[in-house]
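# A look at the structure
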Amino acid sequence: MDPSPGPRPQLQHRIVDGDDGRRLSLSGHLTTQTIGGLRKQLDDTTVSSLRWIDGSGLEDCDGNGIALLLEIVERSGNQCQIQGLPERTDRLLEEFRRELAEAPEVEPPPPRSRIVAIGKATAGLFQDLRAQVAFVGELTIGMLRALRHPTSIRWTDTLRQAEIVGVDALPIVLLLGFLIGVILAYQALIPMEEFGAGIYVANLVSLSLLRELGPLMTAVILSGRSGSAFAAEIGTMKVDEELDALATFGLDAQGFLTLPRVMAAVFMMPILTIFLNLIGLVGAALVMLSKGFSTSAFISQVLRQVDYIDLLSGLFKALVFGLLVAGIGCLRGFQTGSGPSAVGVSTTRAVVSGIVLIIAADGVFAFVYNALGI
Amino acid sequence: MTPSNVIEVRDLRVAFGAKVVLKDVSFDVVAGEVLTILGGSGSGKSTLIRHVIGLREPQGGTIRVLGRDITSADPRELAAARRAFGVMYQSGALFGSLSVLENVCLPLRELTDLPESACEWIGRLKLQLVGLGEALHKQPAELSGGMKKRAAIARALALDPQIVFLDEPSAGLDPITASDIDDLILQLVASIGMTVVVVTHELASVFKIADRAVILDGARQGIVATGSPAELRDHSEDPYVRRFFRRESSQ
Ligand SMILES: Nc1ncnc2c1ncn2[C@@H]1O[C@H](COP(=O)(O)OP(=O)(O)O)[C@@H](O)[C@H]1O
Ligand SMILES: [Mg+2]
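Residues numbered from 1 in each chain as written. Chains lettered and ligands numbered in written order. Predicted model: local features only at pLDDT ≥ 70, side-chain atom pairs only at ≥ 80, totals over all residues. Heavy atoms only, no water.

### Let's talk about the overall build of chain A
Along the backbone of chain A there are 13 helices and four strands. For 374 residues, the compact-globule formula gives about 21 Å, and the C-alpha radius of gyration of chain A, at 35 Å, lies well above that figure. Expressed as lengths along the three principal axes of its C-alpha atoms, the size of chain A is roughly 110 × 55 × 45 Å. Residues classed as buried in chain A amount to 43% of the 374 residues present. When contacts within chain A are restricted to residue pairs at least 6 apart in sequence, long-range pairs at least 24 apart make up 81% of them. When the accessible surface of chain A is totalled, it reaches about 19,500 Å², and 63% of it is carbon and sulfur. (Helix = DSSP H or I, 4+ residues; strand = E, 2+ residues; numbered from the N terminus. Rg over C-alpha atoms; globule rule 2.2 N^0.38 Å. Buried < 20%, exposed > 50% of the residue type's maximum accessible area, 1.4 Å probe, protein only. Contact = heavy atoms within 4.5 Å. Areas by Shrake-Rupley, 256 points an atom, 1.4 Å probe, with all protein chains shown as cover.)

### Here we look at the coordination of the magnesium ion (ligand 2)
Residue and element names in this part refer to chain B. Taken together, the protein donors to the magnesium ion (ligand 2) comprise Ser46 (OG) and Gln90 (OE1), at separations of 2.0 to 2.2 Å. On the criterion of sequence distance, the pair formed by Ser46 in helix H1 (residues 45-52) and Gln90 in the loop between strand E6 (85-88) and helix H3 (100-111) is long-range, its members being 44 residues apart. Relative accessible area serves as the criterion here: at 24%, Ser46 is assigned to the partly exposed category. (Donors = N, O, S within 2.8 Å, 3.2 Å for Na, K, Ca; no water.)

### Here we look at the side chain of Lys317(A)
All names here are of chain A. Along the chain, the position of Lys317 falls in helix H12 (residues 308-334). Residue classification places Lys317 among the buried positions, given a relative accessible area of 3%. Sequence-distant contacts of Lys317, defined by excluding residues within four places in its chain, comprise Arg211, Glu212, Pro215, Asp362, Phe365 and Tyr369.

### Details of the pattern of salt bridges
Working definition: two side chains of opposite charge can pair if their charged atoms are close together. All told, the structure shown has 23 salt bridges over all chains when counted by the stated rule. Between Glu94(A) and Arg97(A) there is a salt bridge whose closest N-O contact spans 3.6 Å. Of this pair, Glu94(A) and Arg97(A) both sit in helix H4 (residues 90-102), separated by three residues, roughly a single helical turn. What makes Glu94(A) partly exposed here is its relative accessible area of 44%. For Glu33(B), the salt bridge goes to Arg212(B), with nearest N and O atoms at 2.9 Å. Pair noted here: Glu33(B) is in the loop between strand E2 (19-30) and strand E3 (34-39) and Arg212(B) is in strand E9 (residues 212-217), with a separation of 179 residues, a long-range link. Connected via shared salt-bridge partners are Asp20(A), Arg23(A) and Asp54(A). (Salt bridge = Lys/Arg side-chain N within 4 Å of Asp/Glu carboxyl O.)

### What about a nonpolar patch on the surface?
Residues and elements named next belong to chain A. Together, Ile309, Val364, Phe367, Val368, Leu372 and Ile374 make up an exposed nonpolar region whose accessible area comes to about 590 Å². Along the chain, Val364 falls in helix H13 (residues 342-372). The exposed category is assigned to Val364, whose relative accessible area is 51%. (Patch = residues over 30% accessible without salt bridge, like charges linked within 9 Å, V, L, I, M, F, W, Y side chains within 5 Å.)

### Some thoughts on the sheet that holds strand E4 (residues 60-65) of chain B
All names here are of chain B. Reading across from one edge, E2-E1-E4-E5 is the order of the four strands in this open sheet, with antiparallel pairing throughout. This sheet does not close on itself; its edge strands, each paired only once, are E2 and strand E5 (68-69). In terms of strand pairing, E4 meets E5 through two bridges, oriented antiparallel. Residue pairing across strands places Val65 opposite Arg68, the latter belonging to E5. Where H1 meets the sheet, it contacts strand E1 (5-16), E2 and E4, and its direction lies at approximately 120 degrees from that of E1. (Pairing = 2+ DSSP bridges. Axes fitted to C-alpha atoms, helices over the stretch in contact; angles between N-to-C directions.)

### Concerning helix H6 (residues 175-192) of chain B
Residue and element names in this part refer to chain B. With 18 residues, H6 extends 25 Å between its outermost C-alpha atoms, agreeing within 8% with the 26 Å of an ideal straight helix rising 1.5 Å per residue. All of the buried residues along H6 are Thr177, Ala178, Ile181, Asp182, Leu184, Ile185, Gln187, Leu188, Val189, Ser191 and Ile192. Looking one or two places after H6, you find Gly193, whose phi comes out positive at around 70 degrees. (Expected span 1.5 Å × (residues − 1).)

### Notes on the packing of helix H7 (residues 170-194) of chain A against helix H10 (residues 253-290) of chain A
Residue and element names in this part refer to chain A. In the contact formed by H7 and H10, the axes pass within 7 Å of each other and the chain directions differ by 40 degrees. When the axes of H7 and H10 are compared, the pair comes out oblique. Read as a crossing pair, H7 and H10 show a hand that is right-handed. Here Leu170, Val173, Leu174, Gly177, Phe178, Gly181, Val182, Ala185, Tyr186 and Leu189 of H7 lie close against H10, whose contacting residues are Leu272, Phe275, Leu276, Ile279, Gly280, Gly283, Ala284, Leu286, Val287 and Met288. In the contact of H7 with H10, the residues fall into 16 nonpolar, four polar and no charged. (Parallel < 35°, antiparallel > 145°, perpendicular 65-115°, else oblique. Left-handed = near helix turned anticlockwise from the far one by under 90°. Nonpolar A, V, L, I, M, F, W, Y, C, P; charged D, E, K, R; others polar.)

### Topic: the interface of chain B and chain A
Taken together, the 35 residues of chain B in the interface contact 37 residues of chain A. Together chain B and chain A conceal approximately 3,100 Å² of surface at their shared face, both sides included; 62% is due to carbon and sulfur atoms. It is Trp121(B), Gln128(B) and Gln187(B) that lose the most area in chain B upon contact with chain A, and together they represent 21% of the buried surface on that side. Scanning the region where chain B abuts chain A turns up zero salt bridges. On the surface where chain B and chain A come into contact, there are ten residue pairs in polar contact (both at pLDDT 80 or more). Sorting the residues of the side of chain B that touches chain A by element identifies helix H2 (75-82), H3, helix H4 (116-129) and H6 of chain B as the ones contributing at least two each. By residue class, the composition of the side of chain B that touches chain A is 18 nonpolar, nine polar and eight charged. (Buried area = accessible area lost by both parts, 1.4 Å probe. Polar contact = N/O pair within 3.5 Å; in protein donor to acceptor, adjacent residues only side chain to side chain.)

### A word on the confidence of the model for chain B
Residue and element names in this part refer to chain B. Of the residues in chain B, 97% reach a pLDDT of 70 or more, and the chain-wide mean stands at 87. For chain B, the element scoring lowest by mean pLDDT is helix H9 (residues 239-249), at 74; strand E8 (residues 195-199) scores highest, at 93. Scored by ipTM, the complex comes to 0.82, with pTM at 0.76. (pLDDT = per-residue confidence, 0-100.)

### A word on the site of ligand 1
All names here are of chain B. Inspection of the region around ligand 1 gives Phe16, Lys19, Val21, Gly40, Ser41, Gly42, Ser43, Gly44, Lys45, Ser46 and Thr47 as its neighbouring residues. A distance of 3.3 Å is found between an oxygen atom of ligand 1 and a backbone nitrogen or oxygen belonging to Ser43. For ligand 1, whose accessible area on its own is 560 Å², the fraction buried by protein is 59%. Going through the elements one at a time, E2 and H1 are the ones with two or more residues in the shell around ligand 1. When residues of the shell around ligand 1 are assigned to their parent elements, the largest contribution, three residues, is made by H1. Classifying every residue of the shell around ligand 1 gives two nonpolar, seven polar and two charged. (Near = heavy atom within 4 Å.)

### Here's the deal with the nonpolar core
Within the largest apolar cluster, 69 residues are counted, with the highest numbers of intra-cluster contacts made by Leu26(A), Leu30(A), Ile53(A) and Leu127(B). Leu216(A), Met269(A), Phe321(A) and Leu323(A) belong to the second largest nonpolar core, which has 38 residues in total. (Core = buried A, V, L, I, M, F, W, Y, C linked by side-chain atoms within 4.5 Å.)

### Some remarks on the packing of aromatic side chains
Tallying each qualifying case throughout the model produces eight aromatic pairs over all chains. Between the aromatic rings of Phe365(A) and Tyr369(A), the centroid separation amounts to 5.4 Å while the plane-to-plane angle is 45 degrees, which identifies the pairing as tilted. Here the residue Phe365(A) and the residue Tyr369(A) both occupy positions in helix H13, the gap between them amounting to four residues, near one helical turn. We note that Phe365(A), like Tyr369(A), is buried. The structure contains a cluster of three or more aromatic residues connected by ring pairs, namely Phe316(A), Phe321(A), Phe365(A) and Tyr369(A). Sitting over the ring of Phe256(A), Arg154(A) keeps its end group 4.1 Å from the ring centre. Over the face of the ring belonging to Phe95(B) we find Arg155(B), whose NZ or CZ atom lies 4.6 Å from the ring centre. (Phe/Tyr/Trp six-rings, centres within 6.5 Å; stacked < 30°, edge-to-face > 60°. Lys NZ or Arg CZ within 6 Å of the ring centre and 35° of its normal.)

Here's what the structure looks like:
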């Protein structure tokens, strides 16, 4: 692997005890690639007994070689002198000596104590909760204001985001929806058929898709695809000081970045959910068909079970999930710290918080819908 | 190949899609010299360096480094050839998750058999040489632009490479630090025979450290002049070269 052809350069050393003290004689090549072996063979006792380092036998010597000699001198308690190095390296040796003498003693920062870390993490948790609530509040106000003055909305950005969030997500939404319909129908058929109630699988699948699984799964897809992307985009902009640049133009990052994304998500979520619901029903219908139930029986069973309220309550959830997932994605982006892993951390946090929020909100919906008798 | 040429570039042609950035570029780098690459912003200086260190394949031409044609080298050969290089990227390209000292120690740790304490000793010395002795344990995100540049220089020099490429090392540095870095480069060239290829806009630095300069013109997509800086300044007939020296020296 050596870049220069020919045999690997070697460094030989001898330790001789003379009248003027112990001497380390070097010959060969004192270079970055050879000094490791020498360094390992010189233990502390040998080094502290050294009085001379003799480089007159060296053919070649680089800066790291000289640096290592100076390290040996320092380890010997500065008892040891260097002589016989190639003349052209004299000035470098002097320079290194001078710089090392000037080098300040800097201690590495002490590791943070665990108790402090726990305290900080706890405080951070509450701060984060506040930030989330405040952000969603601001966002809602911002959106309502934008809807009152539609000309203030950045339509080009919003439509572009709608394409990314909605249209581009359609294939995965369709695939997932279909699979969910198929799986749900299959699993439900096993026990239901035992009671001869196989046809009621249509009721079960349609109700759970429209009210629960449709919005939920679509929101999970949104979180994985777009919430993470928002956090990464905005996070990268933050790391690259692009957000500061926006701010110094007096431009409002919320109007510029957040609103187009969140509005796109809020508009697209119900549409995506409808697609997922529909294809899920198709999947279930196919399973039923394969088990000998006719399509018309399936459809009439579905229509008997679900009405507009079921569909609309699901779509309203989808809308709220869209707001939460897109909002938290943007928020995590804005919260990005510094350093190379910051964007990665924000992206992860966007997805995790997004899913937690969806499920928490779903719980609230279950409670409220139940109370309202929906 | 003349034995004293460490790099030979012949008829290099580089294009990004349909846009030709460099064409018919030929030049040599002689062992132990300091070669500066001059040229306007966007003239292809960084691109040229990226090709010479084998980060990107050219659309035509050959690049021989230490006698090895790196345009046809397989990845292993290329990796071996790169061991002879130290590179300072224009943006610094420090590893953000490592402290400054760890950045400099990384190549020592990974590519030599030096024990940890010796790596650190060398790392500290290199950082002290570029004036960053105080900032050893800082994270790159905590550094100013000029400090990042200096840390990147220290990292490029960590292994005492045979050939060092520096992409605008003095941009963003104060004149005193910039001049210290010039001194360091000269000293390393004189004492350990390092070869240096440096992109810079500081004419003072060019005249101080460079043995030769090549001048790139973005409009003509290539090298328009080669020679010692004084020769180019005093004798070049090329209007671009004349403007380059006159305009920049009148600053
Ligand atoms: N990855 C890339 N894709 C397309 N064009 C590029 C790319 N990198 C550089 N260029 C173009 O190549 C030219 C030279 O760029 P560069 O080498 O960075 O210039 P400089 O001389 O300032 O270092 C510029 O016109 C730039 O637009
Ligand atoms: Mg450049």
